[in-house]
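One letter stands for each residue in the lines below.
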Amino acid sequence: MKFVYASRMGHVEGIVKRVGIEDALKIQDGTEKIDGDYVIFTYTDGKGIIPKIVEDFLDANPGVKAVVGSGSMERHADTFNFAAEKIAEKYDVPILAKLDMDGTEYDIKEIKTKLSSLK
Ligand SMILES: Cc1cc2nc3c(=O)[nH]c(=O)nc-3n(C[C@H](O)[C@H](O)[C@H](O)COP(=O)(O)O)c2cc1C
């Protein structure tokens, strides 16, 4: 399994690092390419939207198998982690976790457990 992430302010990047993934591909502008299956890690943008660069990447790279989201419960409770929700619906993949900002150690453990059971 490969790992891809987008991070504007560093929370998602920190999550990926704490999960222990060292070779993840960072989406910079959405034109990146990856072969095979991958898990996407993303923040939520706007009023609950998938970041444009992430949607461009997902549309160009068909191997997405699961999503991990990060959002802000304090500032965006009504659209909390909607990017993960929308990706799950549009691409028919499971949500492994929805973290508040950079999440908790419990979240990180949960992600590790769920990743290890993904084929
Ligand atoms: C302009 C803007 C809009 C946002 N909209 C949402 C939102 O609708 N829902 C949500 O859960 N989080 C929202 N967030 C919060 C980010 O998704 C959250 O802080 C995330 O941890 C950022 O990840 P990053 O530090 O890797 O960029 C928004 C943040 C910004 C700056």
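Above this text sits the structure in question.
Computed from a prediction, not measured in an experiment: that's the story for all the values here.

### Things to note about the pattern of salt bridges
Next up, step 1: Per the stated rule, a full pass over the model turns up ten salt bridges.
Next up, step 2: A salt bridge links Lys52 to Asp56, with the shortest nitrogen-to-oxygen separation between them at 2.9 Å. Of the two residues, Lys52 and Asp56 both sit in helix α2 (residues 52–60), four residues apart, roughly one turn of that helix.
Next up, step 3: Residue Asp56 is classed as partly exposed on the basis of its relative accessible area of 30%.

### Points about the nonpolar core
Soluble globular proteins: nonpolar side chains tend toward being buried together.
Next up, step 1: Formed by 35 residues in total, the largest nonpolar core has its most connected members in Ile40, Phe41, Ile87 and Ile111.
Next up, step 2: When contributions to this core are tallied by element, the ones reaching two or more residues are β1 (2–5), α1 (11–19), β3 (38–43), α2, β4 (64–71), α3 (82–91), β5 (95–100) and α4 (105–116).
Next up, step 3: Element by element, the count of residues in this core is highest for β3, at five residues.
Next up, step 4: Every residue in contact with Ile40, bar those within four places of it in the chain, is listed here: Val4, Ile27, Val54, Phe57, Leu58, Val64, Ala66, Val67, Val68 and Ile87.

### Here's the deal with the sheet that holds β5
Next up, step 1: Ordered in space as β2-β1-β3-β4-β5, the five strands form an open sheet in which the pairing is parallel. Edge strands, defined here as strands with exactly one partner in the open sheet, are β2 (25–26) and β5.
Next up, step 2: Of the pairings in the sheet, the one linking β1 to β3 comprises four bridges and is parallel in character. Residue pairing across strands places Phe3 opposite Val39, the latter belonging to β3.
Next up, step 3: Sheet contacts for α4: β1, β3, β4 and β5; angle to β5, the most-contacted strand, approximately 165°.

Cut-off values and rules
- Each chain carries its own residue numbering, running from 1 in the written order of its sequence.
- A pLDDT threshold of at least 70 governs which residues receive local features in this predicted model, and a stricter bar of 80 or more applies before side-chain atom pairs are shown or counted, although totals over entire chains, interfaces and linings include all residues.
- The basis for every side-chain value is the complete set of non-hydrogen atoms in the structure, without hydrogens or water.
- Salt bridges are identified by distance alone: a Lys or Arg side-chain nitrogen within 4 Å of an Asp or Glu carboxyl oxygen.
- Starting at the N terminus, helices and strands are each numbered in turn, a helix being any DSSP run of H or I of at least four residues and a strand any DSSP run of E of at least two.
- Each residue's exposure class comes from its accessible area (1.4 Å probe, protein chains only) as a fraction of the maximum for that residue type: buried when under 20%, exposed when over 50%, partly exposed otherwise.
- Put simply, buried Ala, Val, Leu, Ile, Met, Phe, Trp, Tyr and Cys residues joined by side-chain atoms within 4.5 Å make one nonpolar core.
- Residues count as neighbours in contact if any of their non-hydrogen atoms are within 4.5 Å of one another.
- A pair of strands is treated as paired once DSSP finds two or more bridges between them.
- Angles here are taken between N-to-C directions and fall from 0 to 180 degrees, while the axes themselves are lines fitted to C-alpha atoms, restricted in helices to the stretch in contact.

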